[in-house]
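Structural overview
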Amino acid sequence: MKALLQSVAVLLGRTPPRPTPEDISPRVREIHELQAMPMNREQIRDARAEMVSRPQTWRRRRWAVLIAVNLLFVLSYHLDIQLVEGALTGSRFVGFHMADVNSALQVMLAYRHVVLNLLIGVVSVSLLWWALGGRTFCSWVCPYHLLGELGEIIHLRLAARKLVKNHTFDRRGRTVLWLFFAVLAFVTGYTVYETISPTGILSRALIYGPGLALVWVVALLMFEIFYSRRGWCRYACPIGLTYGLVGVLAPLKVVHNIGQCHNDGACRQVCLVPHVLATTIRGRAKTMNTDLGADCTRCGRCLDVCPTSSLSFKFKGPG
Ligand code: SF4
Ligand code: SF4
């Protein structure tokens, strides 16, 4: 229960707390002491050298799925095969109502009543994303995630040449924005967030053709490339927070094993949400195996770069 509440608190913006010595199991304490020995530093160097040629297996799989899902919407519309009707924000899949959880909440708040079709869609989609891990939606389906990853590659190249500098923000801002847009929908009767959601804008642009709203998406991308690495998804997007909450008790987890870990931090360098990997910092793991928190997007980047395979996907029981 404590771990669950901590996962929610970190999702909402809290900094992961350091464990007290009493929190750490005796076996894990021994491992922490071993990991601090100089010999292990050499092992890390060797492992890093090996890592350079590792293929980005999970990234490739994920990009393929993301493109395929979005293509399904596009082809379904243009070929009129009626497999999927609508866009990511709201659709029908072989007749079943599906609705993006965040959009549906906005609509119900704006209408101030529960719309039955939307409720069916929300329940179906919530169950699906709960089973798959919540924020799995972000990294495996959201079209802006792919754009953001490409922007991140450019940002990192520019940063390596010292042409740009990364600026960070307080992660609690995302929770404030989530509440702000929820209240705004309720007060104004309009789903204001939908007009600026890069997820919805891109999905609709792909299916129905580009519109003026794409200028906003380009502006966001420029902001991420030149000012703040993955700024939107890290610090602002209310959809990411909604799916994080959906996935708090998800059965699909990324699990960290301290027994294999060299604390070299390669995972934290590539992760969109490095706070979920606090357990990989030297001295921070409490138990042999730690489930990563709800903000983890299950993107698999950390699995791709970990030189010692200390991180893995596990399908566990709920909670
Ligand atoms: S945080 Fe928002 S924009 Fe980023 S991937 Fe998730 S839903 Fe898409
Ligand atoms: S912890 Fe790993 S799987 Fe989770 S978001 Fe970070 S890189 Fe992706």
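We now turn to the structure provided with this report. (Residues numbered from 1 in each chain as written. Chains lettered and ligands numbered in written order. Predicted model: local features only at pLDDT ≥ 70, side-chain atom pairs only at ≥ 80, totals over all residues. Heavy atoms only, no water.)

Within helix H11 (residues 198-208), eight of the eleven residues are buried, leaving the element largely enclosed by the surrounding structure. Within the sequence span of H11, burial applies to Pro198, Thr199, Gly200, Ile201, Leu202, Ser203, Ala205 and Ile207. The positive-phi residue at the C-terminal boundary of H11 is Gly209, with phi of around 105 degrees. (Buried < 20%, exposed > 50% of the residue type's maximum accessible area, 1.4 Å probe, protein only. Helix = DSSP H or I, 4+ residues; strand = E, 2+ residues; numbered from the N terminus.)

Another point: the site of ligand 1. The immediate surroundings of ligand 1 are formed by Arg135, Phe137, Cys138, Cys142, Tyr144, His145, Thr199, Trp232, Cys233, Cys237, Ile239 and Gly240. Counting only elements with at least two residues in the shell around ligand 1, the list comes to helix H7 (136-140), helix H8 (143-160), helix H13 (231-235) and helix H14 (238-246). Considered class by class, the residues forming the shell around ligand 1 number eight nonpolar, three polar and one charged. (Near = heavy atom within 4 Å. Nonpolar A, V, L, I, M, F, W, Y, C, P; charged D, E, K, R; others polar.)

For strand E2 (residues 90-93) and strand E3 (residues 96-99), the ladder comprises four bridges, and the chain directions are antiparallel. Residue pairing across strands places Gly90 opposite Ala99, the latter belonging to E3. A loop of two residues connects E2 with E3, the two strands running antiparallel in sequence, and Val94 in this loop sits at a positive phi of about 35 degrees. (Pairing = 2+ DSSP bridges.)

Another point: the layout of surface pockets. The probe, sized like a water molecule, is rolled over the atoms to show the empty space still left. Roughly 700 Å³ of volume is contained in the largest pocket. Taken together, 30 residues form the lining of the largest pocket, with Ala3, Gln6, Thr290, Asp291 and Gly293 sitting closest to its centre. Of all the secondary-structure elements, those providing two or more residues to the lining of the largest pocket are helix H1 (2-12) and strand E5 (289-291). With seven residues, H1 is the largest single contributor of residues to the lining of the largest pocket. Class assignment of the residues belonging to the lining of the largest pocket gives a composition of 13 nonpolar, nine polar and eight charged. (1 Å grid on protein atoms, 1.4 Å probe; cavity = no way out; pocket = protein on both sides within 12 Å on 5 of 7 lines; lining within 4 Å. Points joined across faces, edges and corners; volume = space filled by probe spheres on them.)

The next subject is the sheet that holds strand E6 (residues 311-315). The pairing of strands in a sheet comes from backbone hydrogen bonds and takes either a parallel or an antiparallel form. Strand order across the open sheet formed by three strands is E5-E4-E6, with antiparallel pairing between neighbours. Pairing within the sheet leaves two strands with one partner each, and these edge strands are E5 and E6. In this sheet, neighbouring strand axes are inclined to one another by 35 degrees on average, regardless of whether the strands run parallel or antiparallel. Taken together, the three bridges between strand E4 (residues 252-257) and E5 define a ladder with antiparallel strand orientation. (Axes fitted to C-alpha atoms, helices over the stretch in contact; angles between N-to-C directions.)

Okay, the side chain of Ser228 next. Position of Ser228 relative to the elements: it lies in the loop between helix H12 (214-226) and H13. Judged by relative accessible area, Ser228 falls into the buried class, the value being 0%. Apart from the residues lying within four places of it in its own chain, the contact partners of Ser228 are Asn166, His167, Phe169, Phe223 and Tyr235. (Contact = heavy atoms within 4.5 Å.)

Before going further, it helps to examine the packing of aromatic side chains. Inspection of the entire model under this criterion finds 13 aromatic pairs. Here Tyr77 and Tyr208 contribute two aromatic rings whose centre-to-centre distance is 4.9 Å and whose plane-to-plane angle is 90 degrees, an arrangement assigned as edge-to-face. Of this pair, Tyr77 sits in helix H4 (residues 57-78) while Tyr208 sits in helix H11; the two residues are 131 residues apart in sequence, bridging distant segments of the chain. You can call Tyr77 partly exposed: its relative accessible area is 45%. Feature note: the residues Phe169, Phe223, Tyr227 and Tyr235 constitute an aromatic cluster, connected by ring pairs. Over the ring of Trp58 we find Arg61; its NZ or CZ atom is 4.5 Å from the centre of that ring. Of note, Arg112 hangs over the ring of Phe186, and the distance from its end group to the ring centre comes to 4.6 Å. (Phe/Tyr/Trp six-rings, centres within 6.5 Å; stacked < 30°, edge-to-face > 60°. Lys NZ or Arg CZ within 6 Å of the ring centre and 35° of its normal.)

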